[in-house]
Amino acid sequence: MIVNEETWSGIPLLHVVEESLQEQQLPVVIFLHGFTSAKEHNLHYAYNMAKQGIRVILPDAHLHGTRDEELDEVQLSLRFWEIILTSIEEVSIIKEELVKKGIVTTEKIGLGGTSMGGITTFGCLTVFDWINAATIMMGTPGYVQFAKAQMAQFERGGFKLPITDEEKRSLLETLSTFDMTKHPQALNNRPIYFWHGQQDTTVPHDPTFNFYNAMKKAYVETPERFVFVSDKMAGHAVSRTGMLESAKWFADYLKD
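Caption draft 1: How the structure looks around empty space enclosed by the protein. With the rule as written, the count across this model stands at 1 cavity of 30 Å³ or more. Considered as a void within the structure, the largest cavity measures approximately 100 Å³ in volume. Together, 14 residues line the largest cavity, and Leu32, Pro59, Asp60, Ala61 and Ser87 are the ones closest to its centre. Of all the secondary structure elements, the ones that give two or more residues to the lining of the largest cavity are helix H3 (80–100) and helix H4 (116–127). The element contributing the most residues to the lining of the largest cavity is H3, with 4 residues. For the lining of the largest cavity, a count of residues per class yields 7 nonpolar, 4 polar and 3 charged.

Next up, the structure:
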């Protein structure tokens, strides 16, 4: 297996592929890491996908990994949505690079992620129709609701948000563009696998589970394409089973 450190249009990433398949045009998965994490922390996902004949791209998010600007967690938290919105834009750039390099056909691209990466995946699904399959671990579709909850939590903690009321309104208006709960038709019957721990206090389980239940009717003829795994004992950490099922999901829906 080959793991190459590369930079595409200024985006540092790991390019993972089985050595014997590296010259072939394979399905590709762009897989996004979580908050305060980095691209190499998801190599176990990439390994299991690559073993099944998938090429995997692991980018570093804005202000993370090799793009770290030595911000503390509070400073990073205040820029959470800047990071998310930058990642959505960069997923599009990576896709353009994949096509430009002749690495993939546009019918064979998957997107997935954990936590912040899962949240980003929801936003990408809302605005990009070229994503053919997705896995979302510990993500939330309701950008506006989640942002309001974050703001309230900061204020309860005694922090004054460094934005004006007008800037807050503008941010929420921007986030509504990427909020899947406001644009549910964007699912468009694409195969999506969800994994979430019921004990998760970082990205609460229930809003995502409620969204899934509300949208199941859109998959009434293809329920196998819309699956939610709810782990009763797990908190904000994906189980090994969830990781393996995520890799298999892409193999099932991206490979011929």
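Still to come is the rest of the account.
Caption draft 2: Structural view of H3. Under the 1.5 Å per step criterion, the end-to-end length of H3 is 30 Å for 21 residues, consistent within 8% with the ideal 30 Å. At the C-terminal side of H3, Gly102 shows a positive phi close to 70 degrees.

Caption draft 3: Representation of unusual backbone geometry in the model. With a phi angle near 60 degrees, Glu70 is a residue other than glycine that sits in the positive phi range. Using a relative accessible area of 73% as the deciding quantity, one classes Glu70 as exposed. Positive phi, close to 60 degrees, is recorded for Met138, a residue that is not glycine. Tracing the sequence through the fold places Met138 in the loop between strand S6 (133–137) and helix H5 (143–156). Exposure remark for Met138: the relative accessible area of 4% places this residue in the buried category.

Caption draft 4: Here's a closer look at the pattern of salt bridges. The tally for this structure, following the rule as stated, stands at 8 salt bridges. Between Asp60 and Lys39 there is a salt bridge, and its shortest N-O distance comes to 2.6 Å. You can see Asp60 sitting in the loop between strand S4 (55–59) and helix H2 (73–78) and its partner Lys39 sitting in the loop between strand S3 (28–32) and helix H1 (43–50), a full 21 residues away along the chain. There is no split in this pair, since Asp60 and Lys39 are both buried. In this structure, the salt-bridge partner of Glu97 is Lys101, at a minimum N-O distance of 3.7 Å. By relative accessible area, which is 44% here, Lys101 ends up partly exposed.

Conventions used here
- Residues numbered from 1 in each chain as written.
- Predicted model: local features only at pLDDT ≥ 70, side-chain atom pairs only at ≥ 80, totals over all residues.
- Heavy atoms only, no water.
- 1 Å grid on protein atoms, 1.4 Å probe; cavity = no way out; pocket = protein on both sides within 12 Å on 5 of 7 lines; lining within 4 Å.
- Points joined across faces, edges and corners; volume = space filled by probe spheres on them.
- Helix = DSSP H or I, 4+ residues; strand = E, 2+ residues; numbered from the N terminus.
- Nonpolar A, V, L, I, M, F, W, Y, C, P; charged D, E, K, R; others polar.
- Expected span 1.5 Å × (residues − 1).
- Buried < 20%, exposed > 50% of the residue type's maximum accessible area, 1.4 Å probe, protein only.
- Salt bridge = Lys/Arg side-chain N within 4 Å of Asp/Glu carboxyl O.

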